[in-house]
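Residue strings, one per chain:
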Amino acid sequence: MSTDFIAEPVVAIVVAAGSGSRLGAAVPKALVPVAGVTLLRRSLTQLAAGGVQQAVVVVPAETAELFDADLLDAPLPVQRVVGGAQRQDSVAAGLAVLPDVIADAEALVLIHDAARAFVPSDVVARVIDAVRSGADAAIPVVPVADTIREVDEAGSHVIDRTRLRGVQTPQGFRRSIIEAAHAVLSDTGTPVTDDAAAVEYTGHEVTLVAGDRLAFKVTEPLDVALAVAVAGGAA
Ligand SMILES: Nc1ccn([C@@H]2O[C@H](COP(=O)(O)OP(=O)(O)OP(=O)(O)O)[C@@H](O)[C@H]2O)c(=O)n1
Ligand SMILES: C[C@](O)(CO)[C@H](O)COP(=O)(O)O
């Protein structure tokens, strides 16, 4: 009998179903080209380089067909699915098709914003390694660069930024844990802004790994200028 260790498969859910209203591009944000390569394709390439083996790509219902050409010859096997009104709905739509994509109940699931197109492959690998090593949830984080103030009715006060972290993606989970967490959110109508908050809501601990400024989220037009500079080419 072979005693070789067979690592669990790694599947990514890449959420690309946002409207991109703050960017205001003529095409869906995930299809915005930077130096000739779309944000979505860049994300898939970085995920594959970091150890992801297949992906579910969640796209907007109104423009779903526009994504087909970009997904031809993707750097890893991809299934396209339509998303929902909020990011959380889009993640849930991706999780819903996982049984069609992968049989292994203990697969690793990475959830990634297509808009974080320049995430370094070593960040992806760190997230995968942390979950493989036993973390229920692993997320990349970076220190906060600005001084931060909390505002309330009484005025505002400064927060100790040494205790704060900016949260990036991909966020990694054991499949059973993230599926159960999103089911609870759906049953209870609980909103979250990321998937680590979902598993935390269901009582799991979140492990932090080192993120990278390059995993910035393309959100506003200025971010495209940064993306072009990072890509080292013309828009
Ligand atoms: N209903 C939604 C909303 C967001 N997203 C995805 O979640 C990621 C993070 O969202 P953000 O970058 O803020 O994108 P948008 O919601 O599209 O941006 P905006 O708020 O400017 O409209 C993106 O990859 C986006 O496509 C999604 O799949 N489904
Ligand atoms: C998931 C996320 O990118 C982590 O920082 C962030 O919460 C997404 O927020 P958005 O408002 O949906 O872009």
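Residues numbered from 1 in each chain as written. Chains lettered and ligands numbered in written order. Predicted model: local features only at pLDDT ≥ 70, side-chain atom pairs only at ≥ 80, totals over all residues.

**What about the UniProt feature "site: Transition state stabilizer" (unreviewed entry) in the chain?**
The sites that carry the UniProt feature "site: Transition state stabilizer" (unreviewed entry) are, in the present numbering, Arg 22 and Lys 29. Note on placement: Arg 22 falls in the loop between strand E1 (10–15) and strand E2 (33–34). The contacts of Arg 22, once residues within four sequence positions are left out, are Thr 219 and Glu 220. Mapping Lys 29 onto the fold places it in the loop between E1 and E2. Using a count of 25 C-beta atoms within 10 Å as the deciding quantity, one classes Lys 29 as buried. (UniProt positions renumbered as here; feature names shortened; annotations may be inferred. Helix = DSSP H or I, 4+ residues; strand = E, 2+ residues; numbered from the N terminus. Contact = placed C-beta atoms within 7 Å. Buried ≥ 20, exposed ≤ 12 C-beta atoms within 10 Å, placed from the backbone.)

**Examining the packing of helix H3 (residues 87–96) against helix H6 (residues 175–188)**
Between H3 and H6, the least distance of the axes is 11 Å, while the angle of their chain directions is 130°. By the angle class used here, H3 and H6 are oblique. Considering how the two elements wind past one another, H3 and H6 form a crossing that is left-handed. Judged by residue contacts, Gln 88, Val 91, Ala 92 and Leu 95 of H3 engage Ile 178, Glu 179, His 182, Leu 185 and Ser 186 from H6. Along the lines of polarity and charge, the residues of the contact of H3 with H6 split into five nonpolar, three polar and one charged. (Axes fitted to C-alpha atoms, helices over the stretch in contact; angles between N-to-C directions. Parallel < 35°, antiparallel > 145°, perpendicular 65-115°, else oblique. Left-handed = near helix turned anticlockwise from the far one by under 90°. Nonpolar A, V, L, I, M, F, W, Y, C, P; charged D, E, K, R; others polar.)

**Points about the site of ligand 2**
Around ligand 2, the structure places Arg 87, Asp 113, Val 167, Thr 169, Thr 193, Asp 194 and Lys 217. Split by residue class, the shell around ligand 2 holds one nonpolar, two polar and four charged. (Near = placed C-beta within 6 Å.)

**A closer look at the pairing of strand E11 (residues 171–174)**
Going residue by residue along E11, you find Gln 171 and Phe 173 tucked away on one face and Gly 172 and Arg 174 tucked away on the opposite face as well. Of the strand pairs in this sheet, strand E6 (residues 108–113) and E11 are connected by four bridges, and their pairing is antiparallel. Note that in E11 the partner of Leu 110 across the bridge is Gly 172. (Pairing = 2+ DSSP bridges.)

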